[in-house]
Amino acid sequence: MPLREQVFVMEQGVPAELERDARDPHCRHAVATTAAGEVVGTGRLLPDGHIGRMAVAAPWRNRGIGGLMLEALVTEAARLGFREVVLNAQIDAVDFYLRHGFEQQGEIFIEAGIRHQTMRRALAPTRA
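Nothing here was measured: the structure is a model prediction, and the numbers come from that model.

Q: Break down the pairing of strand E3 (residues 50-56) for me, with residues and values.
A: The element E3 is extensively covered by neighbouring structure, given that five of its seven residues are classed as buried. Here strand E2 (residues 39-45) runs beside E3; their pairing, made up of four bridges, is antiparallel. Residue pairing across strands places Gly41 opposite Val56, the latter belonging to E3. Adjacent in sequence and paired antiparallel, E2 and E3 are bridged by four residues, among which Gly49 carries a positive phi angle near 90 degrees.

Q: Any details on helix H3 (residues 65-79)? Residues and values, ideally.
A: Compared with an ideal rise of 1.5 Å per residue, which puts 15 residues at 21 Å, H3 spans 21 Å between its outermost C-alpha atoms and is within 8% of the ideal. Buried within H3 are the following residues: Ile65, Gly66, Gly67, Met69, Leu70, Leu73, Val74, Glu76, Ala77 and Ala78. Where H3 is buried, its residues contact strand E1 (28-33), E2, E3, strand E4 (84-90), helix H4 (94-99) and strand E6 (114-122). Of the residues one or two after H3, Gly81 is the one with positive phi, at around 95 degrees.

Q: Pulling in residues and values, what's your account of the environment of Arg99?
A: Checked against the element boundaries, Arg99 lands in helix H4. Each C-alpha atom, one on Arg99 and one on Glu111, is 23 Å from the other, the two residues being twelve residues apart in sequence.

Q: Any details on the nonpolar core? Residues and values, ideally.
A: Of all hydrophobic cores here, the largest spans 23 residues; its most connected members are Ile51, Leu70, Val85, Leu87, Tyr97 and Phe102. Of all the elements in the fold, those that place two or more residues in this core are E1, E2, E3, H3, E4 and H4. Among the elements that line this core, the one with the most residues is H3, at seven residues. Not counting residues within four places of it along the chain, the set of residues in contact with Ile51 comprises Arg44, Leu45, Leu70, Leu73, Val74, Val85, Val86, Leu87 and Phe102.

Q: Could you give an account of the sheet that holds E1, naming the residues involved and the relevant values?
A: As summarised here, the arrangement of the six strands in space is E1-E2-E3-E4-E6-E5, forming an open sheet in which the pairing is mixed. Edge positions in the sheet fall to E1 and strand E5 (103-111), since each has one partner strand and no second. Each adjacent strand pair in this sheet contributes to an overall mean axis angle of 25 degrees, direction not counted. Bridge count for E5 against E6 is six bridges, and the pairing is antiparallel. Residue pairing across strands places Gln104 opposite Met119, the latter belonging to E6. Together, E1, E2, E3, E4 and E6 form the strand contacts of H3, whose direction differs from that of E3 by roughly 160 degrees.

Analysis parameters
Residues numbered from 1 in each chain as written. Predicted model: local features only at pLDDT ≥ 70, side-chain atom pairs only at ≥ 80, totals over all residues. Heavy atoms only, no water. Buried < 20%, exposed > 50% of the residue type's maximum accessible area, 1.4 Å probe, protein only. Helix = DSSP H or I, 4+ residues; strand = E, 2+ residues; numbered from the N terminus. Pairing = 2+ DSSP bridges. Expected span 1.5 Å × (residues − 1). Contact = heavy atoms within 4.5 Å. Core = buried A, V, L, I, M, F, W, Y, C linked by side-chain atoms within 4.5 Å. Axes fitted to C-alpha atoms, helices over the stretch in contact; angles between N-to-C directions.

Structure follows, in structure tokens:
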């Protein structure tokens, strides 16, 4: 949560009450840490197959951490039997998600004062 607060609330100005919600305990989380245990990245998979709250600490951006976390969440969604994953990408991050196989859908919308685009990626379930 401290990393999400740093990125979303402090850097991007998202109201804290919008960043925190009651869904976290019901999600699968991806967390990237340094060898020393410092959390440098986070993301979550909601029970309905939505991916959200993707954040990487500023000094650790553009090193592949976000991509590794995203692919871990996608893999988990496939393992759970989802046929697709959906996310609401900030406009500045759309190209990142396109590189990871997501497709844009619908109109751009405003969420927490930030322009977003819904994106989807089809999955081949791997449930054993």
